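Residue strings, one per chain:
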Amino acid sequence: MVEENEKPVIVNWQKKWKRINILSLVLLVLAAVLFLSTIFHLLFSLSFWWVLPMILVFAAIVFATDQSWKITVLEVARFFNQRFPELEESAELSLKPTNSLNLLEQLQKQKVENILPQLPQLKPFYKKLQLAVLMLAAALAFVFLLWKSNLKPIQTKFNPIKEVFSPNGKPAVKPEVILPEIDHFSLKISPPGYTGKSTREQKKFSIDAEDGAIVNWEISTNKAVKSLTLIFNDREKLSLSAVNQDYTEWKTAKMISKPGFYQVDLDGKLSELYQVEVIKDLPPVIRILSPKPSTVIDFGEPQKTMLKTALSDDYGIREAYINATIASGSGEAVKFKEQKLRFDASFSGRQTQYQLYKQLDLKALGMQPGDELYFYIKATDNRNQETRSEVYIISIADTAKLMQLDGMVNSLDIKPELFRSERQIIIETEQLLREKDTIKAENFKKRSQDLGFDQKLLRLRYGKFLGEENESGGDPEDANTLDNPADFSNANKIFDAYTDKHDNAEDASFLEPETKNQLKATLNEMWSAELRLRTYKPREALSFAYKALRLLKDLQQKSRAYVAKTSAKTAPLKPAEKRLTGDLTKIIAPITQQDFKKQNDPDLSLRQTANLLNQLKNGAGLGEASLQVLRQSNLKISEKAAAQPSVYLPAVASFRKILAQVNQPKNIDRQDISTVEKAVWKMLPAVAKLPQRAENTPDLGLSDAYFQNLTHTNRSK
């Protein structure tokens, strides 16, 4: 344990340096926060109340990255040893108790304790403090100069601080401007029944209501009013009725079914524009997780499929069921049977999400091998909006059809023997299963092994189409091909014996990629069938063998070529009438006549408005024709705002301010012009790119010089 009374000098140095480092870091944090907060205040109107959180954040970052304020006594002692040679690397001895040292160490400790108080002050430890003081002074001078210059915060359209720290995580909304004659008002929004929501009340004119909601306006004025009207989308007018005899209480109601905007008309005095947003009710969403869109159940697989689906809706799902259609038979004898399958869940109309499971038992549905099940899911929400999923198909493989020989004698079939070999393996496997109880176990295993070997041979024969190697390790006939002494040092002979030429162009293009993938799948099924046969499980091998046969028959159908019979009728020749007569009167140049109609540009007024706004921005006046163009564009933007008020409503308000001040261009706010310009360019369609001449790469004129010299040479010849 270190005794405090034996090391006062080093402890004092350690405490002093620690205070200096902490003070330096604090001054640096204050300088940085003061500078940044002033910049943010000018750019984004940031309140100076954010200085305290910024100080805490910067202090945490600075004190976490700079660990100089954690200096210890041992680190001070080591620094003294490096800086002052007269201590003879023994400053640590002053930190140890005297009774724990030997005689030489005690003598050295006394010497060190006599030297430590005489050490000079170290200037490097004060440089950091001096730098921090200078930075803080520079920040204060910067703030003082800005304050003296009377700079005002820049009014930017986008304020990242307000965007991030606004209530509910939404961008800050500009407060509504209410007519001074209105004392107070309230809007009651009654959502429709399909939403399941209760009536809510708000103290603002802007409306966000569900489709079909009833909105009630109750407006109180501070003086008698003759008429009070709501104007929707500059076309529809809704008059409010007076409730009292003083004509200061007014009310009305309206069902909201489409977006737009409206104004309050109070005795001819119009308010600003208020937007109307309609929350549309979307139809139910259906996602089928399993099975796949097309599923084939092969022989030996359970004839049951688990249907997993996820349903979701905005306000609730009232009903959902499975519409299943079973197709049986083929050709003209095909039959269809349709039925509805219900889910086990109950639909209350209030739950918005469902995870549903339904096991489709194909036998219980009456399906036989070769039948197909077509099904889709249909869901209905509380507003009777219906959604239907895609049609999914589940089919049971018809093993009897796979065993038929129809089409195998076709001349276009190039692999009849291989198909019959797989079929023969299936026949003998089924026969082995029927005779299992009548033969000995050794005989049963031997026959199963033989069938597995036959399956292997068949698999290897198909593997040659994909370039697979022979599992026997090579041909016995080619085993001694390198025994000839004349082939010594013959590299080509050695490569031919021990390598495979997989990069042969003919082999690479022998089969199409789709055919190769199906052949690979067939070989995988043959592998599985061979494994079960060699492990004495022929019943399990049948399902894989049937699947392999089905894939092979599918390949057989794809390999067929169908050519339609066609006949051609040629015009009769008349050599006696036309031949060698030289008559060219009926050979005339083709004449093409087309009428080109000039198409009217529906966006011409918007394009002209963009130029006129640029003139207004420069302070130029406009004539009557230009004003007519601006009025037409104002109507178009108003129509667009009726459909998308949240996007185009600010442009409508700005456009009306511009039209009111159009005779005095210098009084028009540049921010209003910019808002209208953005809306105009957003409404204009993208200009189609015309073909242009490609720019030649710079060659310093070499190609032109070569062409000129070549032309000059040809002329001289």
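Residues numbered from 1 in each chain as written. Predicted model: local features only at pLDDT ≥ 70, side-chain atom pairs only at ≥ 80, totals over all residues. Heavy atoms only, no water.

Read across the sheet, five strands follow the order 2-1-4-8-7 without closing on themselves; strand pairing throughout is antiparallel. Because the sheet does not close on itself, it has two edges, and the strands there are strand 2 (200-202) and strand 7 (241-242). Where strand 4 (residues 213-221) meets strand 8 (residues 249-256), eight bridges bridge the pair, whose relative direction is antiparallel. When the bridges of strand 8 are listed, Ala-213 appears paired with Ile-256. (Pairing = 2+ DSSP bridges. Helix = DSSP H or I, 4+ residues; strand = E, 2+ residues; numbered from the N terminus.)

What follows covers the packing of helix 15 (residues 604-617) against helix 18 (residues 670-683). Between helix 15 and helix 18, whose axes approach to 10 Å, the crossing angle comes to 160 degrees. In terms of orientation, helix 15 lies roughly antiparallel with respect to helix 18. Considering the relative orientation of helix 15 and helix 18, their crossing is left-handed. Residue-level inspection shows Leu-606, Thr-609, Ala-610, Leu-613, Asn-614, Leu-616 and Lys-617 of helix 15 in contact with helix 18, the latter providing Arg-670, Ile-673, Val-676, Glu-677, Val-680, Trp-681 and Met-683. A class-by-class count of the residues in the contact of helix 15 with helix 18 yields nine nonpolar, two polar and three charged. (Axes fitted to C-alpha atoms, helices over the stretch in contact; angles between N-to-C directions. Parallel < 35°, antiparallel > 145°, perpendicular 65-115°, else oblique. Left-handed = near helix turned anticlockwise from the far one by under 90°. Contact = heavy atoms within 4.5 Å. Nonpolar A, V, L, I, M, F, W, Y, C, P; charged D, E, K, R; others polar.)

The next point concerns the pairing of strand 8. Side chains Trp-250, Thr-252, Lys-254 and Ile-256 of strand 8 all project onto a buried face; the interleaved residues Glu-249, Lys-251, Ala-253 and Met-255 project onto a face where none is buried. As judged from the two bridges shared by strand 7 and strand 8, these two strands associate in the antiparallel manner. For Ser-241, the partnering residue across the bridge sits in strand 8 and is Lys-251. Here strand 7 folds back onto strand 8, and the loop between the two strands holds six residues, one of which, Tyr-247, carries a positive phi near 55 degrees. (Buried < 20%, exposed > 50% of the residue type's maximum accessible area, 1.4 Å probe, protein only.)

Read across the sheet, three strands follow the order 12-14-17 without closing on themselves; strand pairing throughout is antiparallel. Lying at the two open borders of the sheet, with one neighbouring strand each, are strand 12 (285-290) and strand 17 (353-361). Adjacent strand axes in the sheet meet at a mean angle of 25 degrees when their direction is disregarded. Across nine bridges, the pairing between strand 14 (residues 304-312) and strand 17 is antiparallel.

Take the confidence of the model for the protein chain next. Averaged over every residue, the pLDDT of the protein chain is 77; residues scoring 70 or more account for 75%. Across the protein chain, the element-wise mean pLDDT spans from 42 in helix 6 (residues 160-165) up to 93 in strand 4. Segment residues 406-420: pLDDT under 50, and 22 contacts once partners within four positions in sequence are set aside and those in other chains are kept. Predicted confidence for residues 505-509 stays below pLDDT 50, and this span has two contacts to residues more than four positions away or in other chains. (pLDDT = per-residue confidence, 0-100.)

What follows concerns the packing of aromatic side chains. Here the structure, examined in full by the defined rule, presents ten aromatic pairs. Ring centres 6.2 Å apart and planes at 45 degrees place the aromatic pair Tyr-247 and Trp-250 in the tilted group. For Tyr-247, a relative accessible area of 44% gives the class partly exposed. One cation-aromatic arrangement involves Lys-254 over Phe-232; the distance from NZ or CZ to the ring centre is 5.1 Å. Geometry around Tyr-376 places Arg-388 over its ring, the cationic atom sitting 4.1 Å from the centre. (Phe/Tyr/Trp six-rings, centres within 6.5 Å; stacked < 30°, edge-to-face > 60°. Lys NZ or Arg CZ within 6 Å of the ring centre and 35° of its normal.)

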